[in-house]
Amino acid sequence: MRTNLITREGFNRLKTELDYLWREERPEVTKKVTWAASLGDRSENADYQYNKKRLREIDRRVRFLRKRLEQVTVVDYSSQQEGKIFFGAWVEIENEAGDVKKFRIVGPDEIYGDAKAYISIDSPMARALLKKEVDDEFSVKTPEGEKEWFVNAIEYDKTVLE
């Protein structure tokens, strides 16, 4: 089951994508389809076929984004979160071997694309981290077995308010 939480930045990113697809890309592709259709035989018209396919992809994504934006709950930073790990936190952890990882706990809609330093709130790592504080030790079940980690730092992005 997917969590319906999202950060303010994630919400704004999805909204920007929806606006771009609907207001800019879709009208452009629609013009190309109309132009290509006016040339006659559509069965061998690559421009028509490609842009018609692209139009279906855009429409599918627009439907998904509209529905998803209605379902999600935006979680903004609250000063009550300070000092503990909650949704939206940037966390730095370290294991006994000295491996250090830094990432942000976000909603499942935010972990794709260029968001390499993001992990989903639904992941075992994020679940194990919730409510931990700096210097806490915790373990996470992995396919290789239990792994021990320590919390080095917790940080929140307090600047992103609408």
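- If you look the protein up in an unreviewed UniProt entry, it shows as Transcription elongation factor GreB from Vibrio sinensis.

### A look at helix α2 (residues 46–71)
For an α-helix, the turn length of 3.6 residues means that residues three or four places apart are oriented alike.
Step number 1: Taking 1.5 Å as the rise per residue, α2 with 26 residues should run 38 Å; its terminal C-alpha atoms sit 38 Å apart, in good agreement.
Step number 2: Along α2, the residues classified as buried are Y48, N51, L55, I58, D59, V62, L65, R68 and L69.
Step number 3: Residues of α2 that are buried make contact with α1 (8–37).
Step number 4: Structurally, the start of α2 carries an N-cap: the backbone nitrogen of D47 is 3.1 Å from a side-chain oxygen of N45.

### Notes on the layout of surface pockets
Step number 1: By volume, the largest pocket amounts to about 200 Å³.
Step number 2: Mapped by element, the contributors of at least two residues to the lining of the largest pocket are α1 and α2.
Step number 3: Here the residues of the lining of the largest pocket sort into three nonpolar, two polar and seven charged.
Step number 4: Taken domain by domain, the lining of the largest pocket gets at least three of its residues from each of domain 1 (5–74) and domain 2 (79–156).

### Some thoughts on the pattern of salt bridges
Step number 1: Scanning the entire structure with this criterion turns up twelve salt bridges.
Step number 2: One salt bridge in this structure joins R104 and E9, with 2.8 Å as the shortest N-O distance. Note that R104 is positioned in strand β4 (residues 100–106) and E9 in helix α1, a separation of 95 residues in sequence.
Step number 3: A relative accessible area of 5% places R104 in the buried class.
Step number 4: K53 serves as the salt-bridge partner of E57, at 2.9 Å between the closest nitrogen and oxygen.

The rules we used
Per-chain numbering applies: the sequence of each chain, read as written, is numbered from 1 onward. With pLDDT at 70 or above as the cut-off, local features in this predicted model cover only qualifying residues; side-chain atom pairs require 80 or more to be listed or tallied, and sums for whole chains, interfaces and linings still use all residues. With hydrogens and water set aside, each side-chain value is computed from the structure's full complement of heavy atoms. Starting at the N terminus, helices and strands are each numbered in turn, a helix being any DSSP run of H or I of at least four residues and a strand any DSSP run of E of at least two. Residue count minus one, scaled by 1.5 Å, sets the expected span of a helix. Whether a residue is buried, partly exposed or exposed follows from its accessible area with a 1.4 Å probe, protein chains only, as a fraction of its type maximum: under 20%, in between, or over 50%, in that order. What makes two residues a contact is simply this: any of their non-hydrogen atoms within 4.5 Å. Pairs of N or O atoms within 3.5 Å make up the polar contacts considered here, provided that, within protein, one atom can donate a hydrogen while the other can accept it, and that residues adjacent in sequence are counted only when both atoms are side-chain atoms. Grid points spaced at 1 Å and placed over the protein atoms alone form the basis of the search, with a cavity being a set where a 1.4 Å probe fits but cannot get out and a pocket an open set showing protein on both sides within 12 Å along at least five of seven lines. Lining residues have an atom within 4 Å of a point. Grid points are joined across faces, edges and corners, and a volume is the space filled by probe spheres set on the points. Lys, Arg, Asp and Glu make up the charged group, whereas Ala, Val, Leu, Ile, Met, Phe, Trp, Tyr, Cys and Pro make up the nonpolar group; the residues left over, Gly among them, are polar. Domain boundaries shown here were taken from an automatic or database domain assignment. By definition here, a salt bridge exists when the distance from a side-chain nitrogen of Lys or Arg to a carboxyl oxygen of Asp or Glu is within 4 Å.

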